[in-house]
Structures are given as structure tokens and as C-alpha cells.
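Here is how the chains run, residue by residue.
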Amino acid sequence: MTEKSELKHIAIIMDGNGRWATKRGLPRSLGHKKGAEVVKEITKAAAEKGIKFLTLYAFSTENWQRSEEEVSYLMTLLRQYLKSDLQELKENKVRIRFIGERYMLDQDIQQLMTDLERQTASYDKLTVCIALSYGSRHEIVAAAKKIATQVKNGDISPEDIDINLFSDMLYTKDIPDPDLLIRTSGEQRLSNYLLWQLAYSELAFTDVLWPDFSAQELQRLIDNYQTRERRYGKV
Ligand code: FPP
């Protein structure tokens, strides 16, 4: 028996902003600015297509190592995004979630994140999950530490540790695993993104750079996904 290829959750690695700008002789910051506009367009398209979860890689733990100027610009964009685009999503009853090492972000950004999460917690049409200061290995190590502490305190025994218990210790606790991962810009890597959660996801790579990504390209990748047969390791 094969599983039906339902499409509930799409995860995206939005790559290629810098190259898009450099190709046009523009500063990298303008690539990120255009990239943020595309985030808005794609979120709208996902809602229209009835997707339930959209997880976007907005900033990785490794991105902190970029130049101070670039990090600072990305944080400015992020503040704007939290204060305008995400507020608009909130009005449209989209649930907003964040995953990542949020303690590394500025206090005001953390506060905006917490407020949005709280204010949209009861919405269930579309959940937009933003990975911010996110790194999958950090997430997995943090989960292992939580479990070790529970064992040490005698709350659970080593025999209690199974896939469900481990999944419950991750930031994505109540979010189903992605059905489809999309990476733009022609790179074919996971870059420390959702390593546990992507175990059985279908992968789609497109050469389109993120600032050129569109609802049409999203539909093309979805159509291709629908032709795939997911077997989850079974025959
Ligand atoms: C990759 O382009 C993109 C990022 C560093 C993160 C994604 C950021 C955005 C889409 C803009 C801001 C988003 C929000 C939600 C405010 P790159 O710089 O790695 O491109 P390159 O590989 O061509 O250099």
C-alpha cells in the first residue's frame, strides 16, 4: 500500500538573495529587501492553495557570522516584517510561530515574536513558522539535554525514550513534519535545516533565485510533488 501524497506542510530554504543583487550590480541588502517582498507573496499563495503549514528559513545560526553590516540590515528587515507584514497576517487569522535560538536576538525582537505567537495561538487555518537564528543541530542537542535532565531527575527512564518523546522535545513539537522541502537558487544542501523533521520529506530544488521565486514556480513544484509516490521506506 502506498501513502497518498497529501501536502499539508511546505518548508522552504529561501536562497539566492545575494546573487540576485550582485548580478544586477546592486548591494546584497537590496536582494534581501526583494526577498522579503517575495515572502509576503508566497505566504499569500500558500494560504490560497490550502497549505496548512509553511516553514521559512529566514536566518540561520550560521548567518550570525556574516558581516556586521549585513546582519544589521537583516535585523532591520526583520523588525519591519514583524511590525507590518506579520501584523497583516495576524489580521487574516494566520497563526505565527518561531523556531530557533531566540535568546540570541535583540530583546525588542524577542518581545514582538512572543506577542505575535500569543495573539495568534488559537488560529488554525494556516500556520507560518519562521526559523530565526535556527540551527537543526542546536535544536537536536538541546532536545538531548532536556531528555538527559529528565532522566537524571528520575522523571523518565531511558526505556521511555522513543521517536515520539524525542520529537516532543524539538521546537517543532506540535507541527507535523514537512511533506515537501523547497530550496531555491540551485544549491542542493540542507544547511542545518530541520534535519530530524525532513527524514521522509520529498525534496525539490529549483534554479530560480529567491527574489525571482513566484506563485507560479511554487505551483510547478507542487505539481511535480503530486506525481511522486511516497513510500516511507515501505515497498
Ligand atoms: C539567502 O540569501 C537568504 C537569507 C540569508 C535568509 C532569507 C532572508 C530573506 C528572504 C529576507 C528577509 C526575510 C524576512 C522574513 C524578513 P543569501 O544571502 O544566502 O544569497 P546568496 O547565497 O546568493 O549569497
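Bear in mind the structure is a predicted one, so any value in this text is a computation, not a measurement.

Q: I would appreciate a short explanation of the site of the ligand in the present structure.
A: In the neighbourhood of the ligand, 16 residues make up the surrounding shell, with Met14, Gly18, Arg19, Arg28 and Arg66 lying closest. Gly16 has a polar backbone atom sitting 3.4 Å from an oxygen atom of the ligand. Between the ligand and Arg66, the relevant distance is 2.8 Å, taken from an oxygen atom to a side-chain nitrogen or oxygen of the residue. In isolation the ligand has 620 Å² of accessible area, and contact with the protein removes 91% of it. With respect to the pocket detection grid, the ligand is positioned in the largest pocket. Counting residues per element, the ones that place at least two in the shell around the ligand are helix H1 (17–23), helix H2 (28–48) and strand E2 (53–60).

Q: Please explain the nonpolar core as it appears in this structure.
A: Within soluble globular proteins, side chains that are nonpolar tend to cluster in buried spots. One finds Ile10, Ile12, Leu82, Leu86, Phe98 and Ile182 to be the most contacted residues of the largest nonpolar core, which totals 42 residues. The leading source of residues in this core is helix H3 (residues 68–91), at eight residues. If near-sequence neighbours (up to four positions away) are discounted, Leu86 is found in contact with Tyr81, Ile96, Phe98, Leu116 and Ile130. With 13 residues, the next largest nonpolar core counts Cys129, Leu181, Tyr193 and Leu198 among its residues.

Q: Would you mind going over the environment of Ile222 with me for this structure?
A: As for its position among the elements, Ile222 is in helix H7 (residues 215–226). Separated by 141 residues in the primary sequence, Ile222 and Tyr81 have C-alpha atoms spaced 26 Å apart. Residues within four places of Ile222 in sequence aside, it is in contact with Leu7, Ile10 and Lys49.

Q: What am I meant to see in the environment of Ile147 here?
A: Along the chain, Ile147 falls in helix H5 (residues 136–152). For Ile147, a relative accessible area of 5% puts it in the buried group. Separated by 13 residues in the primary sequence, Ile147 and Asp160 place their C-alpha atoms 10.0 Å from one another. In this structure, Ile147 is in contact with Ile156, Ile161, Leu165, Phe166 and Met169, ignoring residues within four places of it in sequence.

Q: Explain the sheet that holds strand E5 (residues 180–183) here, please?
A: Pairing in this open sheet of six strands is parallel, and the strands run E3-E4-E2-E1-E5-E6 from one edge to the other. Edge strands, defined here as strands with exactly one partner in the open sheet, are strand E3 (95–99) and strand E6 (202–205). With direction set aside, neighbouring strand axes in the sheet form an average angle of 20°. Pairing geometry for strand E1 (residues 9–13) and E2, over five bridges, is parallel. The residue of E2 that forms the bridge with His9 is Phe53.

Q: Which parts of the structure should I look at to understand a negative patch on the surface?
A: Taken together, the side chains of Glu159, Asp160, Asp162 and Asp168 make up a negatively charged region of the molecular surface. With respect to the helices and strands, the residue Glu159 is situated in the loop between H5 and helix H6 (163–167).

Q: Would you mind showing me how to read unusual backbone geometry here?
A: Leave glycine aside and you will find that most residues have negative phi; peptide bonds, for their part, are mostly trans. One non-glycine residue, Lys93, lies in the positive phi region at around 60°. Considering the arrangement of structural elements, one finds Lys93 in the loop between H3 and E3. Looking at Lys93, the relative accessible area reads 48%, which means it is partly exposed. At Ser133, a residue that is not glycine, the phi angle is positive and equals roughly 55°. Secondary-structure assignment places Ser133 in strand E4 (residues 127–134).

Reading the values: rules and limits
- Residues numbered from 1 in each chain as written.
- Predicted model: local features only at pLDDT ≥ 70, side-chain atom pairs only at ≥ 80, totals over all residues.
- Heavy atoms only, no water.
- Near = heavy atom within 4 Å.
- Polar contact = N/O pair within 3.5 Å; in protein donor to acceptor, adjacent residues only side chain to side chain.
- Areas by Shrake-Rupley, 256 points an atom, 1.4 Å probe, with all protein chains shown as cover.
- 1 Å grid on protein atoms, 1.4 Å probe; cavity = no way out; pocket = protein on both sides within 12 Å on 5 of 7 lines; lining within 4 Å.
- Sits in = over half its atoms within 2 Å of the grid points.
- Helix = DSSP H or I, 4+ residues; strand = E, 2+ residues; numbered from the N terminus.
- Core = buried A, V, L, I, M, F, W, Y, C linked by side-chain atoms within 4.5 Å.
- Buried < 20%, exposed > 50% of the residue type's maximum accessible area, 1.4 Å probe, protein only.
- Contact = heavy atoms within 4.5 Å.
- Pairing = 2+ DSSP bridges.
- Axes fitted to C-alpha atoms, helices over the stretch in contact; angles between N-to-C directions.
- Patch = residues over 30% accessible without salt bridge, like charges linked within 9 Å, V, L, I, M, F, W, Y side chains within 5 Å.
- Salt bridge = Lys/Arg side-chain N within 4 Å of Asp/Glu carboxyl O.
- Lys, Arg positive; Asp, Glu negative; His and termini not counted.
- Charge placed at Lys NZ, Arg CZ, Asp CG, Glu CD.

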